[in-house]
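Secondary and tertiary structure notes
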Amino acid sequence: SMCNAPPGEYICIFTAGATAALKLVADNFPWSSASHFWYTNENHTSVLGMREAAIAQGSNVACVNVGEGDATSGVDYTLYADPVSSPGPDTDTRGGGSTSTCSSRSPEHAPPPPENHLFAFPAECNFSGAKFDLKLISAIHSRRIQDGKSQPLKDGRWWVLLDAAKACGTDPPDLAESPADFVALSFYKIFGYPSGVGALLVKRDAAEVLTLQ
């Protein structure tokens, strides 16, 4: 109720702190060579640790700065990406898919499921205290975003990870208005004790894509 999560839409998983919550997502997200993991420049150091899981699967990883969009073009934000790693030369990232040696697909075969991408940002930066506009969540979901080259986000399903560890101490996010798919919490940041206890809030449809290990 603290984050106004709609009843029945979220699962609460208790963890050993916010870092463990972030690691849980990183270790179980369905990364692929066509996936993108983008995170904001101002972020929890544990979000940086998530890069290793994505890179290990050949995913495209980038650190981004959030800028203004172009309302006349239906773009709410511009993301200026600084690549950390890129897929290998045999991967086609135009449209977020992988290259195929097949010139056509047999009619009896269904099209492949969309690629999964992850965007991570904090409600409030753990270091600088900078606060982000939570409308960014719906903008990512609805793809009202462009990159620094005025290109839309890669095709596929974009999931949003919100680090709410620091913000929950003073200004918890309203998940009814800003429905992030994954939300990391720290009880220590909220109550001042005990250390080593936190939680991960997961939307039920997002839980279905995780490959629990």
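Structure: see above.
All values derive from a computational prediction rather than experimental measurement. (Residues numbered from 1 in each chain as written. Predicted model: local features only at pLDDT ≥ 70, side-chain atom pairs only at ≥ 80, totals over all residues. Heavy atoms only, no water.)

**Focus on the overall build of the chain**
In terms of helices and strands, the chain carries 6 helices and 9 strands. With 213 residues in all, the chain has 44% of them scored as buried. If you sum the accessible surface of the chain, you get close to 10,900 Å²; carbon and sulfur atoms cover 51% of it. (Helix = DSSP H or I, 4+ residues; strand = E, 2+ residues; numbered from the N terminus. Buried < 20%, exposed > 50% of the residue type's maximum accessible area, 1.4 Å probe, protein only. Areas by Shrake-Rupley, 256 points an atom, 1.4 Å probe, with all protein chains shown as cover.)

**Looking at the nonpolar core**
If you look at the biggest cluster of nonpolar residues, it comprises 31 residues, and the most contacted ones within it are W38, L79, F119, F121, I140, I145 and L185. Put simply, the parts of the chain that give this core at least two residues each are β3 (60-70), β4 (75-85), β5 (116-122), α4 (135-141), β7 (157-163), β8 (182-186) and β9 (198-203). Here this core takes 4 residues from α4, the largest share from any one element. Residues contacting F121, with those up to four places away along its chain left out, are T40, N43, F132, D133, L134, L136, I137, V160, L161, L162 and D163. Among the nonpolar cores identified, the runner-up in size contains 24 residues, and V25, W31, C63 and L118 belong to it. (Core = buried A, V, L, I, M, F, W, Y, C linked by side-chain atoms within 4.5 Å. Contact = heavy atoms within 4.5 Å.)

**Overview of the pattern of salt bridges**
Scanning all chains against the criterion turns up 4 salt bridges. Here R144 ties to D76 by a salt bridge, and the two come within 2.6 Å at their closest N and O atoms. Placement of R144 in the loop between α4 and β6 (145-147) and of D76 in strand β4 is noted, with a sequence separation of 68 residues between them. (Salt bridge = Lys/Arg side-chain N within 4 Å of Asp/Glu carboxyl O.)

**Some points on the packing of aromatic side chains**
Enumeration over the complete set of coordinates arrives at 6 aromatic pairs. Between the aromatic rings of F119 and F121, the centroid separation amounts to 5.9 Å while the plane-to-plane angle is 50 degrees, which identifies the pairing as tilted. Classification of F121 by relative accessible area gives buried; the value is 1%. One aromatic cluster is present, built from ring pairs that chain together F29, W31, F37 and Y39. (Phe/Tyr/Trp six-rings, centres within 6.5 Å; stacked < 30°, edge-to-face > 60°.)

**Looking at the environment of N4**
Take N4: it is sitting in the segment before β1 (10-15). Separated by 172 residues in sequence, N4 and A176 place their C-alpha atoms 6.0 Å apart. Aside from chain neighbours lying at most four places away, what touches N4 is D174, L175 and A176. At 2.8 Å, the side chain of N4 and the side chain of D174 are in polar contact. (Polar contact = N/O pair within 3.5 Å; in protein donor to acceptor, adjacent residues only side chain to side chain.)

**Some remarks on the sheet that holds β9**
The strand order across the open sheet built from 9 strands is β1-β9-β8-β7-β5-β2-β3-β4-β6, with neighbouring strands paired in mixed fashion. Each of the sheet's edge strands pairs with one partner strand only, and the pair in question is β1 and β6. Averaged over all adjacent pairs, the angle separating strand axes in this sheet is 25 degrees, with direction ignored. Sitting on the sheet, helix α1 (residues 18-28) touches β1, β5, β7, β8 and β9, and the angle it makes with β8 is about 160 degrees. (Pairing = 2+ DSSP bridges. Axes fitted to C-alpha atoms, helices over the stretch in contact; angles between N-to-C directions.)

**Details of unusual backbone geometry**
Positioned with a positive phi, R143 is a non-glycine residue whose angle comes to about 60 degrees. Relative to the elements of secondary structure, R143 occurs in the loop between α4 and β6.

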